[in-house]
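# A look at the structure
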Amino acid sequence: MGRQIGDRAVVLGASIAGLLAARVLADAYGQVTVVDRDELPELAMHRRGVPQGRHAHALLARGQQALEELFPGLTAELIAHGVPAGDMLADARLYFSGHRLRQAPTGLGLLCASRPVLEAHARARVRALPNVAFLDSCDIVGLAATPDGRRVTGARLLRRADGSAEQVLDADLVVDATGRGSRTPLWLQGLGYPRPETEQVRIGLGYATRTYRLPPDALDGDLAILHGATPEHPRAGALQVLEGDRWMLTLAGILGDHPPIDPDGFLAFARSLRFPDIYQAIRDAAPLDDPVGFRFPASVRHRYERLDRFPDGLLVTGDAVASFNPIYGQGMSVAALEALTLRRHLERGAAPRPRRLFRDLARIVQVPWDIAAGGDLVFPGVQGRRTPTTRLVNAYIARLHAAAARDARLAGAFVRVAGLVAPPQSLLRPGIAVRVLWGNLLLAAGVSGRSRRWSRRSSRAPRAMVRGRWAAPPGGRGGSGR
Ligand SMILES: Cc1cc2nc3c(=O)[nH]c(=O)nc-3n(C[C@H](O)[C@H](O)[C@H](O)COP(=O)(O)OP(=O)(O)OC[C@H]3O[C@@H](n4cnc5c(N)ncnc54)[C@H](O)[C@@H]3O)c2cc1C
């Protein structure tokens, strides 16, 4: 432990954001208690409090790096446990804006863990910390605070057992990681504070997921397929291998066009995807379970950083701050980045100042929020303010995807931004913009691309035939994206 800031911290919620917050708080508080309403299993199992755990859970490249910073050796541990791993682009078929991105190595990891396995390994790491305790099967019913409401002094709990009475868990610091359903806005109101402003992008998303047994080489060596939605084909799908030689197929539809959860309807929805490879992979495969559904009405962001007043002794993290359209796979990665930010604040050696922390969390949330909320505005039925910049960016990104079908460097640049490893502005750099322009000129000239797939035997630069001669994109080698 570094310099101890306080005796006791309490984390509300033992899902990914709560576990990661507990990890960093354990370095600064004498005792950390993590509370959850679920019974927390030793093993990787689905649990009621995390119903989304039954659906595909991509870990973005930056999230993987952040988890590794928080739990050194976690990636190797997961791989040793049987989690398939590869390269984010070379080993995944990514379809965006109706184009299959050219596959090539990026050096960014693709870790194909199911959500329960990822959470179980993170939980085991936190359990192993000597000053962290879990209090499970406990409902958090409110906060305890000083009479003037200026300081939060603990959390009010009710054990899930007959006849149990409400108890208060005292704390120097309470961190709310109870997810989308967080009641901090209400609790603030009860303490005499304003509620934070809330932004929403209503996407009306429906998920349905089923797992299958497929032959090991079902996708010719690829580990995943992602069909992104487009305005013309708004249905999406993701097929991914998982530990235990299972394959998980998650189907998604927006604005009420939800995938059915009866087996025939599910299969028909898979068949209706714009590209046939997901359907072809699963149509004759043995399912391991029945499809399960999930509804996600809107991306929601609470603007805690805009509040003028906020009680000391209380912080909020994870989905309780911002919950993104899950199709972009950002939530766990953002939670990990928020934990690293909390760690930086704790390293100052004093109790974190809520408003300062919220300002920094807002910076972390901004880019993924722009990617998700801005990206959703490409669908005409999604309500939201479409600024000229939003329209321009969405049009540019679609053209980038088109050019990235043959240009591995563009594909790699996009994957870095989507993986939160590079800033979105990197896609506007002259070297990238020229390639986008060039690629689209070739497309307009009707030049067909070469094989869109990176060959594991050879990763030669992509080139295109222009009027009888080979042309490489301006600015260099085409390249592998590295
Ligand atoms: C369908 C779906 C798919 C997703 N896919 C991805 C993906 O591909 N990649 C990705 O990175 N993210 C994805 N996410 C988001 C990801 O699941 C979350 O961002 C991540 O779990 C972090 O959330 P959290 O820990 O803040 O909250 P949650 O995961 O929602 O956990 C909240 C915890 O608090 C507990 N809790 C809540 N209220 C109380 C209470 N009153 N008393 C006691 N305990 C309580 C719950 O039991 C739970 O354990 C997806 C989300 C959904 C809905």
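Everything discussed here concerns the structure shown above.
If you're wondering where the values come from, they're calculated on a predicted model, not measured in any experiment. (Residues numbered from 1 in each chain as written. Predicted model: local features only at pLDDT ≥ 70, side-chain atom pairs only at ≥ 80, totals over all residues. Heavy atoms only, no water.)

## Overview of the nonpolar core
Using the following cut-off: Buried Ala, Val, Leu, Ile, Met, Phe, Trp, Tyr and Cys residues form a nonpolar core when they are joined through side-chain atoms within 4.5 Å. Only protein chains enter the accessibility calculation, which uses a 1.4 Å probe. A residue is then buried if its area is under 20% of the maximum for its type, exposed if over 50%, and partly exposed in between. In this text, helices come from DSSP runs of H or I with a minimum length of four residues, and strands from runs of E with a minimum of two, each type numbered from the N-terminal end. For the domain bounds, the source is a domain assignment made automatically or taken from a database. In this analysis, two residues are considered to be in contact whenever any of their non-hydrogen atoms come within 4.5 Å of each other.
Counting 93 residues, the largest nonpolar core has L25 and V32 as its most contacted members. Ranked by residues supplied to this core, first place goes to helix 8 (residues 331-346) with 9 residues. Both domains that furnish three or more residues to this core are identified here as domain 1 (6-59 + 117-197 + 303-372) and domain 2 (200-297). Here L25 is in contact with A9, V11, V32, L173, V175, L342 and L346, once residues within four sequence places are set aside. Of all hydrophobic cores here, the second largest spans 48 residues; its members include A61, A224, F266 and I397.

## Notes on the layout of surface pockets
Defined as follows: For cavity detection a 1 Å grid was placed over the protein atoms alone, and a set of points counts as a cavity when a 1.4 Å probe fits there but cannot get out; an open set counts as a pocket when protein lies on both sides within 12 Å along at least five of seven lines, with lining residues being those that have an atom within 4 Å of a point. Grid points are joined across faces, edges and corners, and a volume is the space filled by probe spheres set on the points. Amino acids are sorted into nonpolar (Ala, Val, Leu, Ile, Met, Phe, Trp, Tyr, Cys and Pro), charged (Asp, Glu, Lys and Arg) and polar (every other residue, Gly among them).
Taken as a whole, the second largest pocket encloses approximately 200 Å³ of empty space. When contributions to the lining of the second largest pocket are tallied by element, the ones reaching two or more residues are helix 4 (115-127), strand 12 (198-213) and strand 15 (246-253). Split by residue class, the lining of the second largest pocket holds 6 nonpolar, 4 polar and 5 charged. There are two domains that each give the lining of the second largest pocket at least three residues, and those are domain 1 (6-59 + 117-197 + 303-372) and domain 2 (200-297).

## Comments concerning the side chain of T106
Rules: Polar contacts here mean pairs of N or O atoms no more than 3.5 Å apart (in protein, one a potential hydrogen donor and the other a potential acceptor; neighbouring residues in sequence count only if both atoms are side-chain atoms).
One can find T106 in the loop between strand 5 (99-100) and strand 6 (109-111). The class of T106 is buried, set by a relative accessible area of 5%. A distance of 3.0 Å separates the side chain of T106 from the backbone nitrogen of L108, its partner in a polar contact.

## Here's the deal with the packing of aromatic side chains
To keep things clear, this is the line we draw: Stacked, tilted and edge-to-face pairs are distinguished by plane angle, under 30 degrees for stacked and over 60 for edge-to-face with tilted covering the rest, among Phe, Tyr and Trp rings (Trp via its six-membered ring) whose centres lie within 6.5 Å. A ring has a charge above it when a Lys NZ or an Arg CZ is no more than 6 Å from the ring centre and no more than 35 degrees off the ring normal.
Inspection of the entire model under this criterion finds 6 aromatic pairs. Considering the side-chain rings of Y304 and F358, the 5.2 Å spacing of their centres and the 25 degrees angle between planes classify their relative orientation as stacked. With Y304 in the loop between strand 17 (292-302) and strand 18 (314-316) and F358 in helix 9 (residues 354-376), this pair connects stretches of sequence that are 54 residues apart. Given the relative accessible area of 1%, Y304 is considered buried. Overall, F358 belongs to the buried group, its relative accessible area being 3%. Grouped by ring-pair contacts, the aromatic residues Y304, F310 and F358 constitute a single cluster. The ring centre of F134 lies 5.1 Å from the NZ or CZ of R127, which sits over that ring. Positioned above the aromatic ring of F296, the side-chain terminus of R180 is 4.3 Å from the ring centre.

## Considerations on helix 1 (residues 16-25)
Burial runs high along helix 1: 10 of the 10 residues are buried. Among all positions in helix 1, only I16, A17, G18, L19, L20, A21, A22, R23, V24 and L25 are buried.

## A word on the site of the ligand
The cut-off we apply is this: When at least one non-hydrogen atom of a residue lies within 4 Å of a molecule or strand, that residue is treated as near it. Methods summary: accessible areas were calculated by the Shrake-Rupley approach with a probe of 1.4 Å, and residue burial reflects only the protein chains presented.
As a matter of local geometry, the ligand sits amid 31 residues, with S15, D36, A58, R115 and D319 nearest to it. Separating a nitrogen atom of the ligand from a backbone N or O atom of I140 is a distance of 2.9 Å. Across the complex, the protein chains shield 94% of the 990 Å² of accessible surface that the ligand would expose by itself. Mapped onto the shell around the ligand, the elements with two or more residues apiece are helix 1, strand 8 (138-145) and helix 8.

## Describing the environment of R48
With respect to the helices and strands, R48 occurs in the loop between strand 2 (29-35) and helix 2 (61-70). Since its relative accessible area comes to 75%, R48 is described here as exposed.

## Some details on the pairing of strand 2
Test applied: Think of it this way: DSSP has to see at least two bridges between two strands before they count as a pair. Seen with its strands pointing away from the viewer, a crossover is right-handed when the path leading from the first strand over the helix to the second is clockwise.
With 5 of 7 residues buried, strand 2 is to be regarded as a mostly interior element. Sheet topology places strand 1 (residues 6-12) next to strand 2; 6 bridges connect them, and they run parallel. Following the sheet pairing, L12 is matched in strand 2 by V35. In this view, the connection linking strand 1 to its parallel neighbour strand 2 by way of helix 1 has right-handed handedness. Bridging between strand 2 and strand 7 (residues 132-135) involves 4 bridges; their strand directions are parallel. Within strand 7, the position partnered with V32 by the bridge is V132.

## Some words on the packing of helix 10 (residues 388-404) against helix 11 (residues 408-418)
The condition that has to hold: The convention used is that axes are lines fitted to C-alpha atoms, helices contributing only their stretch in contact, and that angles between N-to-C directions extend from 0 to 180 degrees. An angle counts as roughly parallel when it lies under 35 degrees, as roughly antiparallel when it exceeds 145, as roughly perpendicular when it falls between 65 and 115, and as oblique in every other case.
Helix 11 packs onto helix 10 with a crossing angle of 135 degrees between their chain directions and a minimal axis gap of 7 Å. Here helix 10 is positioned oblique relative to helix 11, judged by the angle of their axes. Between helix 10 and helix 11, the contacting residues are I397, L400, H401, A403 and A404 on the first element and L410, A411 and F414 on the second. Classifying every residue of the contact of helix 10 with helix 11 gives 7 nonpolar, 1 polar and no charged.

## Regarding the sheet that holds strand 2
Pairing in this open sheet of 5 strands is parallel, and the strands run 7-2-1-11-18 from one edge to the other. If you trace the sheet from one side to the other, it starts and ends with strand 7 and strand 18, each paired once. In this sheet, neighbouring strand axes are inclined to one another by 20 degrees on average, regardless of whether the strands run parallel or antiparallel.

The quantities given are spatial measurements derived from coordinates; they are silent on function.
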